[in-house]
Amino acid sequence: MPDRIIYWGIIGLGKIAHKFAEDLLKVPRCELAAVASRSETKSKAFANTFKAKKAYANYEDLLQDPIVNAVYIATPHSYHFDHALLSLKYGKAVLCEKPFAMHTAQVQTMITAAKAHNLLLMEALWTNFLPHYKKAMEVLHVGAIGKILRLEADFGFEPIFDAESRVFNKELGGGSLLDIGIYPIFAALSSLGMPKKIEANANFFDNGADSECFIHFKYDDKVEAKLHSTFLTNSHTKAVFTGTCGVLEIHGRFHQPSSFTVTLKDEEPVTYNFKVPYHGYFYEIDHFNQLLRQNKTESDVMTFQRSLNLMELLDTVRTKIGLHY
Ligand SMILES: NC(=O)c1ccc[n+]([C@@H]2O[C@H](COP(=O)([O-])OP(=O)(O)OC[C@H]3O[C@@H](n4cnc5c(N)ncnc54)[C@H](OP(=O)(O)O)[C@@H]3O)[C@@H](O)[C@H]2O)c1
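Small disclaimer: the values here were computed from a predicted structure and weren't measured.

Caption draft 1: Looking closely at the sheet that holds strand S10 (residues 224–230). The eight strands lie next to each other as S8-S9-S10-S7-S11-S12-S13-S14, forming an open sheet whose pairing is mixed. Taken across any chain shown, the strands that pair with only one partner, and hence form the sheet edges, are strand S8 (197–204) and strand S14 (270–272). Across the sheet, the axes of successive neighbouring strands diverge by a mean angle of 10°, strand direction being ignored. Those strands touched by helix H6 (residues 131–141) are strand S7 (148–156), strand S11 (239–243), strand S12 (246–250), strand S13 (260–264) and S14, and its axis lies near 165° from that of S12.

Caption draft 2: The pattern of salt bridges, seen in detail. This model, assessed by the stated rule, comprises 15 salt bridges. The salt bridge partner of Glu-152 is Arg-150, with a shortest N-O separation of 3.6 Å. Close ionic contact of Glu-224 with Arg-150 constitutes a salt bridge, the shortest N to O distance being 2.1 Å. With Glu-224 in strand S10 and Arg-150 in strand S7, this pair connects stretches of sequence that are 74 residues apart. The exposure class assigned to Arg-150 is partly exposed, which follows from its relative accessible area of 26%. Several salt bridges converge on common partners, so that one network encompasses Lys-98, Arg-166 and Asp-179.

Caption draft 3: Spotlight on the packing of aromatic side chains. Inspection of the entire model under this criterion finds 18 aromatic pairs. On the numbers, 5.7 Å between centres and 70° between planes, the contact of Trp-8 with Phe-20 is edge-to-face. With Trp-8 in strand S1 (residues 6–11) and Phe-20 in helix H1 (residues 15–24), this pair connects stretches of sequence that are twelve residues apart. Exposure class is identical for Trp-8 and Phe-20. Each is buried. Aromatic pair Phe-260 and Tyr-272: ring centres 4.6 Å apart, planes at 15°, arrangement stacked. You can see Phe-260 sitting in strand S13 and its partner Tyr-272 sitting in strand S14, a full twelve residues away along the chain. In textbook terms, an aromatic cluster arises when at least three aromatic residues are bridged by ring pairs, as seen for Phe-155, Phe-157, Phe-161, Phe-168, Tyr-183, Phe-205 and Phe-231. Here Lys-170 stacks its cationic end above the ring of Tyr-325, 5.8 Å away from the centre of that ring.

Caption draft 4: Just the side chain of His-77, in detail. Position of His-77 relative to the elements: it lies in helix H4 (residues 77–89). Filtering out sequence-adjacent residues up to four positions away, His-77 remains in contact with Lys-98, Pro-99, Met-102, Arg-166, Leu-172, Gly-173, Leu-178 and Asp-179.

Caption draft 5: Inspection of the site of the ligand at higher detail. In the neighbourhood of the ligand, 23 residues make up the surrounding shell, with Ser-37, Lys-42, Tyr-59, Lys-98 and Tyr-281 lying closest. Ile-16 places a main-chain nitrogen or oxygen 2.9 Å from an oxygen atom of the ligand. Contacts to the ligand include Arg-38, whose backbone N or O atom sits 2.9 Å from an oxygen atom. Elements with a minimum of two residues in the shell around the ligand: H1, H4 and helix H7 (176–192). At three residues, the largest contribution of residues to the shell around the ligand is made by H4. When residues are assigned to domains, the shell around the ligand turns out to be shared by domain 1 (6–127 + 279–299) and domain 2 (131–274), each giving three or more.

Conventions and cut-offs
- Residues numbered from 1 in each chain as written.
- Predicted model: local features only at pLDDT ≥ 70, side-chain atom pairs only at ≥ 80, totals over all residues.
- Heavy atoms only, no water.
- Pairing = 2+ DSSP bridges.
- Helix = DSSP H or I, 4+ residues; strand = E, 2+ residues; numbered from the N terminus.
- Axes fitted to C-alpha atoms, helices over the stretch in contact; angles between N-to-C directions.
- Contact = heavy atoms within 4.5 Å.
- Salt bridge = Lys/Arg side-chain N within 4 Å of Asp/Glu carboxyl O.
- Buried < 20%, exposed > 50% of the residue type's maximum accessible area, 1.4 Å probe, protein only.
- Phe/Tyr/Trp six-rings, centres within 6.5 Å; stacked < 30°, edge-to-face > 60°.
- Lys NZ or Arg CZ within 6 Å of the ring centre and 35° of its normal.
- Near = heavy atom within 4 Å.
- Polar contact = N/O pair within 3.5 Å; in protein donor to acceptor, adjacent residues only side chain to side chain.
- Domains from an automatic or database assignment.

None of this, on its own, says anything about what the molecule does.
Have a look at this one:
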């Protein structure tokens, strides 16, 4: 049915789940049907705040609820694989947070499982769906700044070290690369495609999680991307594309709702502003709902191949810097 209401469930009620739920309430023709936490108190409080009808104290109980059509997985990276497979097993469409899994083989298994169950599966790479990012990619792909020669993109902030937090805890996939380095890498992938050569080096915390990564992608014809992720400093978190005819700069923080400026040779800069009355998760949710209503099992925007490529790049960088999970 083209207008059918999509009933969502969320598992893992941490920081991102709260923002996601706020946006979900604004998306037309969908409802937050159920939420699940390991803690009953947390689950009830979350359900109360976001008017979810059901609050579970166990992820699997939510997955067995027949009202739920779509599950948003908002647990730490190291759980994405298991939780995605479990959700698919119970017949749910899955929107899973980034990084999709811990390595490419897991992503491949998740895709195989989704195909076997004939269910929709998508990585929640929200940047892909944001109006400013979509427009910036369109401008780049029509060649407005000419041939792209160089991308410089960074993502840096300075969280206080806490060995238990999922951001730093290696057991949970902690470290800058998988948490925030994924965004500059995604910017390179979505603009320049897969590189021919990758160089990378990193610094590490005492617990072995990477504190920062310096990544260099090389393409044909001296085209390159210089990418940086860091938990050691607050950086501009912008993406600057230099082409043969001009420069396109996505302003900080480029991965979330933002704006961009195009400066062509001998012309005044033109800035594109976008009014976004949400955190920005609205757009990926709306896209996912539409796919479900059309009985699609794969997104035409965040395709399986794109997720596989992204994970492959993360895997290669990890190998280069000697980071093992
Ligand atoms: N798209 C974005 O903008 C964005 C932004 C931030 C994070 N993320 C992604 O979303 C995921 C969650 O990030 P977050 O910042 O929301 O993390 P968080 O605040 O730590 O929340 C993660 C939740 O996962 C559940 N969980 C299950 N097992 C856990 C364990 N062993 N240790 C800790 N938590 C456990 C917990 O929920 P319960 O206690 O309720 O079970 C916890 O609250 C990450 O993969 C991250 O990459 C995406």
